[in-house]
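A structural walkthrough
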Amino acid sequence: MTNPSPARGALGAMYAGLALTVLTTVAAYVDHGTTHVLADHIRAGYPAYPPARIDSAVTTYLVIWTVIGALGVLAWLTTAWAVTAGRRWARPAATVMFLIGTGTGLTGLLTKDTSGDTGLPPAMGWAGMLPCLAGLVAVALLWRRPRPA
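Okay, so let's go over this structure. Think of each chain on its own: its residues are numbered from 1, step by step along the sequence as written. Note on the predicted model: pLDDT of at least 70 is required for a residue's local features to be given, and 80 or more for side-chain atom pairs to be given and counted; whole-chain, interface and lining totals, by contrast, use all residues. Side-chain measures were taken over the full set of non-hydrogen atoms in the model, leaving aside hydrogen atoms and water.

**Section: the environment of K112**
Cut-off, in case you're wondering: Comment: elements are numbered from the N terminus, with helices defined as DSSP H or I runs of at least four residues and strands as E runs of at least two. We call two residues contacting when some pair of their heavy atoms lies within 4.5 Å.
Structurally, K112 can be placed in the loop between α4 (90–110) and α5 (122–143). In this structure, K112 is in contact with D117, T118 and G119, ignoring residues within four places of it in sequence.

Here you go:
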């Protein structure tokens, strides 16, 4: 039995990251239609806001969340294609995408707005970090040296 190549394992992590990116993007819309965690978070931070302003803020966050999700999907697909095609730039590109994604996730998780609270509710901020875990695994596997047989 042969050991799986680091690239094959990295591809699995990349597809997991792609799935997590799609799920977290869709989850924002599920929240908007059901639990309203984001709207409640904004309402708690800005109790004087009228409902129309809260709805506008939620819509703005959904647009931003969607754009970030779409760019994440594009990054996952591009780096997975580059790894599959054996492109020399695949490992550095995956590393850069990981750093950009992690920076973006941390920004959503930690950035405080004018209310003094984070802009996103903690559950959404942490959900935005989930794809980064897959990215960390993928990058670690891509840079790992193959074991001698």
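**Considerations on the packing of α4 against α5**
Note the cut-off: The convention used is that axes are lines fitted to C-alpha atoms, helices contributing only their stretch in contact, and that angles between N-to-C directions extend from 0 to 180 degrees. Any angle from 65 to 115 degrees is called roughly perpendicular, while one under 35 is roughly parallel, one over 145 is roughly antiparallel, and all others are oblique. Crossings are sorted by hand: turned counterclockwise from the far helix by less than a right angle, the near helix makes the crossing left-handed, and turned clockwise it makes it right-handed. Only Asp, Glu, Lys and Arg are considered charged, only Ala, Val, Leu, Ile, Met, Phe, Trp, Tyr, Cys and Pro nonpolar, and every remaining residue, Gly among them, polar.
It is the contact of α4 with α5, at a shortest axis distance of 9 Å, that shows an interaxial angle of 160 degrees. By the angle between their directions, the pair α4 and α5 is classed as roughly antiparallel. Here α4 runs over α5; the crossing is left-handed. The residues of α5 that touch α4, namely those facing R91, P92, A94, T95, F98, G101, T102, G105, L106, G108 and L109, are P122, G125, W126, G128, M129, C132, G135, L136, V139, L142 and W143. Counted by class, the contact of α4 with α5 contains 13 nonpolar, eight polar and one charged residues.

**Looking at the environment of Y61**
Note the cut-off: Three labels apply to residues, based on accessible area from a 1.4 Å probe with only protein chains included: buried if under 20% of the type maximum, exposed if over 50%, partly exposed otherwise in between.
In this fold, Y61 is placed in helix α3 (residues 51–84). The class of Y61 is partly exposed, set by a relative accessible area of 26%. The spatial distance from the C-alpha of Y61 to the C-alpha of G119 is 9.2 Å, given a sequence separation of 58 residues.

**Overview of the nonpolar core**
Operational definition: Nonpolar cores were defined as sets of buried Ala, Val, Leu, Ile, Met, Phe, Trp, Tyr and Cys residues, with membership established by side-chain atoms within 4.5 Å.
Of all hydrophobic cores here, the largest spans 17 residues; its most connected members are L11, M14, W76, V83, A94 and L142. Of all the elements in the fold, those that place two or more residues in this core are α1 (6–33), α3, α4 and α5. The residues touching V83, leaving out its near neighbours within four places in the chain, are A7, L11, M14, A90 and L142. Among the nonpolar cores identified, the runner-up in size contains 12 residues, and A28, L38, A39 and I54 belong to it.

**Regarding the pattern of salt bridges**
Just so we agree on the cut-off: Each salt bridge in this description consists of a side-chain nitrogen of Lys or Arg and a carboxyl oxygen of Asp or Glu lying within 4 Å of one another.
Summed over all chains, the structure comprises one salt bridge. Residue D40 is joined to R43 by a salt bridge in which the shortest nitrogen-to-oxygen separation is 2.7 Å. Of this pair, D40 and R43 both sit in helix α2 (residues 37–45), three residues apart, which is roughly one turn of the helix.

**Side note on the layout of surface pockets**
Heads up, the rule is: Within this scheme a cavity is a closed region of a 1 Å grid, computed over the protein atoms alone, that accommodates a 1.4 Å probe without allowing it to escape, whereas a pocket is open but has protein on both sides within 12 Å along at least five of seven lines; lining residues each have an atom within 4 Å of a point. Grid points are joined across faces, edges and corners, and a volume is the space filled by probe spheres set on the points.
Of the pockets and cavities examined, the largest pocket occupies roughly 920 Å³. For the largest pocket, the lining is made up of 43 residues, of which I68, I100, G101, T104 and G105 are closest to its centre. Going through the elements one at a time, α1, α3, α4 and α5 are the ones with two or more residues in the lining of the largest pocket. Classifying every residue of the lining of the largest pocket gives 23 nonpolar, 18 polar and two charged.

**Some details on the packing of α3 against α5**
Interhelical geometry of α3 versus α5 gives an angle of 10 degrees and a closest axis separation of 13 Å. Taken together, the axes of α3 and α5 are roughly parallel relative to one another. Taking contact as the criterion, the partners of W65, W76 and V83 in α3 are, on α5, M124, G128, P131, A134, G135 and L142. Of the residues assigned to the contact of α3 with α5, the class counts are seven nonpolar, two polar and no charged.

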